[in-house]
Amino acid sequence: MSVPKFKNINIQAYKPGKSEIKKDKNYIKLSANESSLGVSPGVRKIFKNKNLVINRYPDSKSETLRRAISKEAKCDFNKIICGAGSDEIIQMICQLYLNNDDEVILPEYSFLMYRIYSKIVGAKVLFSKEVNFKISIENILKKVSKKTKIVFIANPNNPTGTYLNKTELIYLRKKLNKKILLVIDDAYHEYNLKKDYVSGLELFKRFKNVFILRTFSKLYGLASLRIGWGYGDKKIINALYKIKPPFNVNYFAELCASKAITEKIFVKKSVRHNLIWGNKIKKLFENYRISSNEITSNFLLLNFKNCKISSKIFMDMLLKNKIIVRSMKEYKIKNCLRLSIGNSFENKYLLKVVKKIFKNV
Ligand SMILES: *Cc1c(COP(=O)(O)O)cnc(C)c1O
């Protein structure tokens, strides 16, 4: 029987950080860079409110949230668009800019959604080599052609945990043809306390050819509500509003995000927790010749190159001890795995398990 024929899209579907064992509450999930401290007190309060109105459609332009963002992140209300996760903003940017045969440049180890959405709309994805797991500006520039439309970078980068500093970012924008859109994904910016780091938003908020991505999924702990935002020139934003699904952001997500962004104490506490535990965990791994990135995000890319066991063996041992981390197979990073920084209880348990594992190998 013949059936309607659909497009052949040559991509691998995104595989989220392992949680297949979700139903067993005893597992510790350190595979998806989620907030280690849960959500802020104000958001927890909203959850307890039983009078939330959900029979009405949400505000299609998320004005309450955009006003809160504009105030807290000191940026222009009219240049913000909200999405069901920054994920959806990536999708919309690809829809807006890319035609068949247009080219997109991505660092070789980068967030998988850039390549997935680029390919879905028919663009060709070119990967620029990194140097020591760090984005190389020169290698990005080498890939540029007349067909290049977008360069995506996450800064700090997931899954490598490295970052481009302020000078490097300025240099990249300067060297890149003005007609190429530079997308900077600030997903982990709050965690990066390095002196030479500056977020994409801070640096480029007045640029017409830089587009910024932000999310509430990581530090703010709202991953399940699917809420993020994009920031760019008004012309880009207006065009995005034309293709945006009308009710992409739900009322509850908007409400929680509007509260979360005002809770500075929770942000500070989370960042501090992350830095202290991140360094502690990093040091322990160094005892076993497992190297990792500096603390710029809420995860460590653990490199087993000089270790006496492989990342695969180690990962299996962790799993036997009910700890789930992220394999780097889809990212094609050899002998590495990515570990999210957990809460104090999880981290203490992790340290205990790691010591036990290495006692026995
Ligand atoms: C986790 C992550 C996001 C967040 O995606 P959401 O769709 O907002 O949950 C975006 N970019 C990068 C690089 C990430 O690691």
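Basis of the calculations
Residues take numbers from 1 onward in each chain, read along the sequence in its written order. Local features in a predicted model are, by the rule used here, given only for residues with pLDDT of at least 70; side-chain atom pairs are given and counted only at 80 or more, and totals for whole chains, interfaces and linings are based on all residues. Each side-chain value is derived from all of the structure's non-hydrogen atoms; neither hydrogens nor water enter the calculation. Summary of the distance rule: residues count as near a molecule or strand when at least one heavy atom falls within 4 Å of that molecule or strand. Polar contact is defined as a pair of N or O atoms within 3.5 Å, subject to the rule that within protein one atom must be able to donate a hydrogen and the other to accept it, and that residues adjacent in sequence are counted only when both atoms are side-chain atoms. Areas reported here follow the Shrake-Rupley algorithm with a probe of radius 1.4 Å; residue values treat only the protein chains shown as occluding. Think of it in three bands: residues with accessible area under 20% of the maximum for their type are buried, residues over 50% are exposed, and the middle band is partly exposed, with areas taken using a 1.4 Å probe on protein chains only. Starting at the N terminus, helices and strands are each numbered in turn, a helix being any DSSP run of H or I of at least four residues and a strand any DSSP run of E of at least two. Any two strands with at least two DSSP-identified bridges between them are counted as paired. Handedness of a crossover is defined as follows: with both strands directed away from the viewer, a clockwise route from the first strand across the helix to the second makes it right-handed. For each domain, the first and last residues come from an automatic or database assignment. By definition, residues are in contact when any of their heavy atoms lie within 4.5 Å. Accessible area that two parts lose when put together, with a 1.4 Å probe and added across both, is what the buried area reports. We count a salt bridge whenever a side-chain nitrogen from Lys or Arg sits within 4 Å of a carboxyl oxygen from Asp or Glu. Residue type decides the class: Asp, Glu, Lys and Arg count as charged, Ala, Val, Leu, Ile, Met, Phe, Trp, Tyr, Cys and Pro as nonpolar, and the leftover types, Gly among them, as polar.

Enquirer: Got a sec to walk through the site of the ligand? Specific residues and values, please.
Expert: The full set close to the ligand counts 14 residues, and Asp185, Thr215, Ser217, Lys218 and Arg226 are the nearest of them. At 2.7 Å from an oxygen atom of the ligand is found a side-chain nitrogen or oxygen belonging to Tyr188. Interatomic distance of 2.6 Å between a side-chain N/O atom of Arg226 and an oxygen atom of the ligand. Protein contacts shield 93% of the accessible area of the ligand, which totals 390 Å² for the unbound molecule.

Enquirer: Any details on the pairing of strand E7 (residues 148–154)? Residues and values, ideally.
Expert: Here E7 lies mainly inside the structure; six of its seven residues are buried. Relative to strand E8 (residues 181–185), E7 runs parallel, the two being bridged by five bridges. The residue of E8 that forms the bridge with Ile153 is Ile184. In this view, the connection linking E7 to its parallel neighbour E8 by way of helix H6 (residues 166–175) has right-handed handedness.

Enquirer: Explain the domain arrangement of the protein to me, and be specific about the residues and the numbers.
Expert: Reports often express the size of an interface as the amount of accessible area lost when the parts come together. Assigned domains within the protein: domain 1 (28–40 + 264–359) and domain 2 (41–260). The straight-line distance from the C-alpha centre of domain 1 to that of domain 2 is 25 Å. The interface of domain 1 with domain 2 comprises 30 residues on the first partner and 30 residues on the second. Both sides of the domain 1 and domain 2 interface together cover about 2,500 Å² of buried area, and 63% of this is carbon and sulfur. For domain 1, the biggest contributors to the area lost against domain 2 are Ser40, Thr296 and Tyr331; these three give 26% of the whole. Here domain 1 and domain 2 share two salt bridges between them. One salt bridge connects Glu72 with Lys264, and the closest N-O pair in it is separated by 2.4 Å. Put simply, domain 1 and domain 2 have ten residue pairs in polar contact (both at pLDDT 80 or more) between them. Breaking the side of domain 1 that touches domain 2 down by element, the ones donating at least two residues are helix H10 (264–287), strand E11 (299–303) and strand E14 (336–340). Here the side of domain 1 that touches domain 2 takes seven residues from H10, the largest share from any one element. Class assignment of the residues belonging to the side of domain 1 that touches domain 2 gives a composition of 13 nonpolar, eleven polar and six charged.

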